Amino acid sequence: MQDKILSLLTEINDFEIINKETLEQFKRNYTSKKGIITTLFEELKQLDKSEKALIGKSLNELKRRAEEKERYYQEKFETNYSREPYDLTLKGITQSEGSRHPIQITLHKIIKIFSEMGFQIAEGPEIEDDWHNFTALNFPHNHPARDMQDTFFLENPNYLLRTHTSSVQVRLMEKKELPIRAIMPGRVYRNEEITARSHCFFHQVEGLVVDKKVSYADLKQTLEWFVQKLFGRDTKIRLRSSYFPFTEISAEVDITCFICGGNGCSVCKHSGWVEILGCGMIDPQVLINCNIDPEQYSGYAFGLGIERITMLLHKITDIRLMDQNDIRFLKQFHYFSLS
Ligand code: DAH
């Protein structure tokens, strides 16, 4: 009887059910009251006790397998497509795609513009030492930026969270792979109160060119090209004399307000100009600090805040929106992240 059960198992496995008719045939052969399995259960009763347990087990297994196969095809053929369980006219569920963060969108634009001008991209550490962040850049020891109020110092006060990406300038110059033509994006930290206009961390892009005979005119030309690419071809720049410890001469750069075209609006506070970055010719002492001979080499540097540019470009009035990860804010940049 055991052999019979085994060959039936093969038969059941091999039985091809392709439609309702073959399913009925299957039931008639195997699982119905008049089917072979029921007959075998009758025969089981005749066996002696010693055999009953073992064969009974096999028979139950055979029955389970047959019923399982029957159930599978039963359900498969029962699905009645004519009742249209799916309404094909219904709107699908949109899978919302992520989008780039507005800061990344601006950064990509900036990187693209400068790469086209032959600038490399460099990065430096966010935890910096006093030398790279301050001393090499000519910050006097009593400079307010060195104050605890402005800088996050680590337990060992020789280390700090960099307050600007100008520290990466020093790292690049120290490597002395001249000439240098690079931009250095990154996050910076300042011990400032968080308000709509200021934050304790934000992002900057630093620019650095060191070569023979680099002039202030080169700097001006590069920045003019950059702002026209970023804000539009009609944008004009104005360099206002300023002070940074690491540049001499130093300037702050304003652009004609790209919203009102210089006529005056709330973004430019009715002046027609908006400030966008700081720049200057590298102070010869900074070159010396990095073991570069100022008699042979000169250079320019500039630094801009990515949040500030992003806020101007998109008329965002609160910097805190940038790090709150509010999806209602972020998804408005979906379109911009495609370009
Ligand atoms: N490091 C300055 C800041 O954080 C920005 C800056 C100004 C960078 C002038 C420069 C520069 O490279 O030449 O405010």
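Above: the structure in question.
Remember, predicted model here, so these are calculated numbers, not experimental data.

### Concerning the overall build of the protein chain
Looking only at helices and strands, one finds twelve helices and nine strands in the protein chain. Taking the principal axes of the C-alpha coordinates as reference, the protein chain spans close to 110 × 50 × 40 Å. Scored against the burial criterion, the 339 residues of the protein chain give a buried share of 40%. Nonlocal contacts in the protein chain, meaning residues at least 24 apart in sequence, comprise 66% of its contacts between residues at least 6 apart. For the protein chain, the distance from the average position of its 44 positive side-chain charges to the average position of its 48 negative side-chain charges is 6 Å.

### Observations regarding the site of the ligand
For the ligand, the set of nearby residues contains 15 residues, the closest of which are His164, Ser166, Arg190, Gln204 and Glu206. Residue Arg190 places a side-chain N or O atom 2.8 Å away from an oxygen atom belonging to the ligand. Separating an oxygen atom of the ligand from a backbone N or O atom of Ala301 is a distance of 3.2 Å. Compared with its free state, where it exposes 350 Å², the ligand has 88% of that area covered by protein. Looking at side-chain class alone, the shell around the ligand contains five nonpolar, eight polar and two charged residues.

### Some thoughts on the pairing of strand E5 (residues 201-211)
Of all eleven residues in E5, nine are buried; the element is thus mostly enclosed. As paired elements, strand E4 (residues 180-189) and E5 share ten bridges and run antiparallel to each other. Looking at E5, one finds that Gly186 is bridged to Gln204. Sheet topology places E5 next to strand E9 (residues 298-305); eight bridges connect them, and they run antiparallel. Bridging across to E9, Val205 finds its partner in Leu304.

What counts, and at which threshold
- Residues numbered from 1 in each chain as written.
- Predicted model: local features only at pLDDT ≥ 70, side-chain atom pairs only at ≥ 80, totals over all residues.
- Heavy atoms only, no water.
- Helix = DSSP H or I, 4+ residues; strand = E, 2+ residues; numbered from the N terminus.
- Buried < 20%, exposed > 50% of the residue type's maximum accessible area, 1.4 Å probe, protein only.
- Contact = heavy atoms within 4.5 Å.
- Lys, Arg positive; Asp, Glu negative; His and termini not counted.
- Charge placed at Lys NZ, Arg CZ, Asp CG, Glu CD.
- Near = heavy atom within 4 Å.
- Polar contact = N/O pair within 3.5 Å; in protein donor to acceptor, adjacent residues only side chain to side chain.
- Areas by Shrake-Rupley, 256 points an atom, 1.4 Å probe, with all protein chains shown as cover.
- Nonpolar A, V, L, I, M, F, W, Y, C, P; charged D, E, K, R; others polar.
- Pairing = 2+ DSSP bridges.

Nothing here speaks to function; it is geometry throughout.
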